[in-house]
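# Overview (structure and organization)
Given next are the chains, with one letter for each unit.
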Amino acid sequence: MSWWNGHPDILTAMHLGKLIQSYLSKEPKGHTVTWFARQLNCHRVNVYDIFNRRTIDTELLWRISIILNHNFFIDLANEFNNSVNTGMNSNDIDS
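Residues numbered from 1 in each chain as written. Predicted model: local features only at pLDDT ≥ 70, side-chain atom pairs only at ≥ 80, totals over all residues. Heavy atoms only, no water.

Helices and strands together make up the secondary structure of the protein chain, namely 6 helices and 0 strands. Starting at the N terminus and ending at the C terminus, the protein chain contains elements arranged as α-α-α-α-α-α. For the protein chain, restricting intrachain contacts to residue pairs at least 6 apart in sequence, the fraction spanning at least 24 positions comes to 59%. Surface accessibility of the protein chain: about 6,500 Å² in total, with carbon and sulfur atoms responsible for 51%. (Helix = DSSP H or I, 4+ residues; strand = E, 2+ residues; numbered from the N terminus. Contact = heavy atoms within 4.5 Å. Areas by Shrake-Rupley, 256 points an atom, 1.4 Å probe, with all protein chains shown as cover.)

Rendered as structure tokens:
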């Protein structure tokens, strides 16, 4: 059994799309979904799709972090550390 199969809550603990949406809503007034879509060079529909995703490709998350001036990778690292501190350890990981 893989370590994550024993800890399914680890995979769903953080919803990156909702976190991104939350940070976008804190942006200045002119920074709308349309503005964000232009920054990402995509359509508004794609932005709403991103908001619905629990997980995000690292390259896209990198671009979003730069656009919103927020390091979402730190949020992921903190979530990982919290998971480790609540019972997961290296013995849980299969070789």
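After that view, the rundown keeps rolling.
Moving on, we get to the pattern of salt bridges. Counting across every chain of the model gives 1 salt bridge. For R53, the salt bridge identified is with D49, shortest N-O distance 2.7 Å. Judged by relative accessible area, which is 30%, R53 ranks as partly exposed. (Salt bridge = Lys/Arg side-chain N within 4 Å of Asp/Glu carboxyl O. Buried < 20%, exposed > 50% of the residue type's maximum accessible area, 1.4 Å probe, protein only.)

Moving on, we get to the nonpolar core. Side chains of nonpolar character tend, in soluble globular proteins, to be buried together. Ranked by size, the top nonpolar core spans 19 residues in total, and within it I20, F36, L40, I64 and L68 carry the most contacts. Residues in contact with I64, not counting those within four places in the same chain, are I20, F36, L40, I50 and F72. (Core = buried A, V, L, I, M, F, W, Y, C linked by side-chain atoms within 4.5 Å.)

Turning our attention to the environment of T55. Tracing the chain through its elements places T55 in the loop between α4 (44–51) and α5 (58–68). Taking relative accessible area as the criterion, T55 reaches 56% and is therefore assigned exposed. C-alpha separation for the pair T55 and G17, spaced 38 residues apart in sequence, amounts to 7.2 Å.

The next point concerns unusual backbone geometry. At N41, a position not held by glycine, the phi torsion is positive, near 60°. Along the chain, N41 turns up in the loop between α3 (33–40) and α4. For N69, which is not glycine, the phi torsion reads 55° and is therefore positive. Turning to its location among the elements, N69 is positioned in the loop between α5 and α6 (72–85).

Next up on the list: the confidence of the model for the protein chain. Per-residue confidence for the protein chain gives a mean pLDDT of 82; residues scoring 70 or more make up 76%. Long-range and interchain partners of residues 89–95, a stretch whose pLDDT sits below 50, account for 6 contacts in this model, where long-range means more than four residues apart. (pLDDT = per-residue confidence, 0-100.)

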